[in-house]
There are 2 protein chains.
Amino acid sequence: MMTRNLAIDELVPTREELQLGDVLHALSDPVRLQIVRTLADADAEVACGQFPLAVTKATVSHHFKVLREAGVLFSRYEGTRRFHSLRRADLDARFPDLLDTVLRASRS
Amino acid sequence: MMTRNLAIDELVPTREELQLGDVLHALSDPVRLQIVRTLADADAEVACGQFPLAVTKATVSHHFKVLREAGVLFSRYEGTRRFHSLRRADLDARFPDLLDTVLRASRS
DNA sequence: TCGTTCGTTCGACAGTCATCGAACGTTCGC
DNA sequence: GCGAACGTTCGATGACTGTCGAACGAACGA
């Protein structure tokens, strides 16, 4: 009945609050980089289950939280699923070219 | 008398061995990012002592080791001092624009 | 030769991290 | 209303991290 009150302790940074160190750290893990790559390829919202990852759902959930708290992506509920999308505009505004450069590098 | 046999356990990656995750992780620490920034500004070799860092020399040494092992910089002995330089060519070859993009982002 | 300078290494410590299984809460379809 | 599907949260665990002071080693200068 109540709206979901999960993630109440989660601190999602605004565009201005984005920290380079946090973003780089978020992107430095292979699983998370894979998530971001998949998301960039899709160029749209993707549900957790759609990610071909070699770790438990608990671990996946953890990585999404790290990415959210670093400001790399945004997550939204839709029924029982959760859809994710890159915060491209914010990232590009704050750190121009960073995301694209990292993505390009991650595919070489 | 013998040549220095320090750093014998240090694994410095070749250009081909550079790993994006390692580089991003190396750059995600504020102290290390500061080091890299200083080095990029100098555009030349810089000795450890030249870095205005708010940590102990032991910690500084540790950070340089991390940066070396990630392949971000190269260190060379000259007498009692140790000079450091960015591995720009290698980084640019393997991850085009990455270093410059991160440096630019770190100054905004 | 002796003391200083510069940097590395060691041992320790507190904190964070990636990972997992298990339990839980929501939502949806039957 | 029941059970399945989907994710989150919890607690635990082992690994890694950033930091420090202290001891060490090599090279330089007086």
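What counts and how
Residues numbered from 1 in each chain as written. Chains lettered and ligands numbered in written order. Predicted model: local features only at pLDDT ≥ 70, side-chain atom pairs only at ≥ 80, totals over all residues. Heavy atoms only, no water. Phe/Tyr/Trp six-rings, centres within 6.5 Å; stacked < 30°, edge-to-face > 60°. Helix = DSSP H or I, 4+ residues; strand = E, 2+ residues; numbered from the N terminus. Buried < 20%, exposed > 50% of the residue type's maximum accessible area, 1.4 Å probe, protein only. Contact = heavy atoms within 4.5 Å. Buried area = accessible area lost by both parts, 1.4 Å probe. Salt bridge = Lys/Arg side-chain N within 4 Å of Asp/Glu carboxyl O. Polar contact = N/O pair within 3.5 Å; in protein donor to acceptor, adjacent residues only side chain to side chain. Nonpolar A, V, L, I, M, F, W, Y, C, P; charged D, E, K, R; others polar. Near = heavy atom within 4 Å.

Details of the packing of aromatic side chains
Residue and element names in this part refer to chain A.
Phase 1: Summed over all chains, the structure comprises 2 aromatic pairs over all chains.
Phase 2: Taken together, a centroid distance of 5.3 Å and an interplanar angle of 70 degrees make the contact between Phe51 and Phe64 edge-to-face. Placement of Phe51 in the loop between β1 (46-47) and α3 (57-70) and of Phe64 in helix α3 is noted, with a sequence separation of 13 residues between them. Considered together, Phe51 and Phe64 belong to a single accessibility category, that of buried residues.

Comments concerning the interface of chain B and chain A
Phase 1: In this complex, chain B contributes 18 residues to the contact, which on the side of chain A involves 18 residues.
Phase 2: Of all residues in chain B, the largest losses of buried area upon contact with chain A belong to Leu20, Leu24 and Thr101 of chain B, amounting jointly to 32% of the total for that side.
Phase 3: The interface formed by chain B and chain A contains 0 salt bridges.
Phase 4: Scanning the region where chain B abuts chain A turns up 1 residue pair in polar contact (both at pLDDT 80 or more).
Phase 5: When contributions to the side of chain B that touches chain A are tallied by element, the ones reaching two or more residues are α1 (20-27) and α5 (98-105) of chain B.
Phase 6: Of the residues in the side of chain B that touches chain A, the class split is 9 nonpolar, 6 polar and 3 charged.

Observations regarding the protein's contact with DNA strand D
Phase 1: Near DNA strand D there are 23 residues, and of these Lys57, Ser61 and Arg82 of chain A together with Thr56 and His63 of chain B occur at the shortest range.
Phase 2: In the interface set of DNA strand D, defined as its atoms within 4 Å of the protein, sugar plus phosphate atoms amount to 69%.
Phase 3: Within the backbone of Cys48 of chain A, an N or O atom sits 3.2 Å from a phosphate oxygen of DNA strand D.
Phase 4: In this structure, a sugar or linking oxygen belonging to DNA strand D sits 3.2 Å away from a side-chain N or O atom of Thr80 of chain A.
Phase 5: Among the elements of the structure, α3 and β3 (81-86) of chain A together with α3 (57-70) of chain B are those that each provide at least two residues to the surface near DNA strand D.
Phase 6: A total of 4 residues in the surface near DNA strand D trace back to one element, the largest contributor, which is α3 of chain B.
Phase 7: Looking at the surface near DNA strand D residue by residue, the classes come out as 8 nonpolar, 10 polar and 5 charged.

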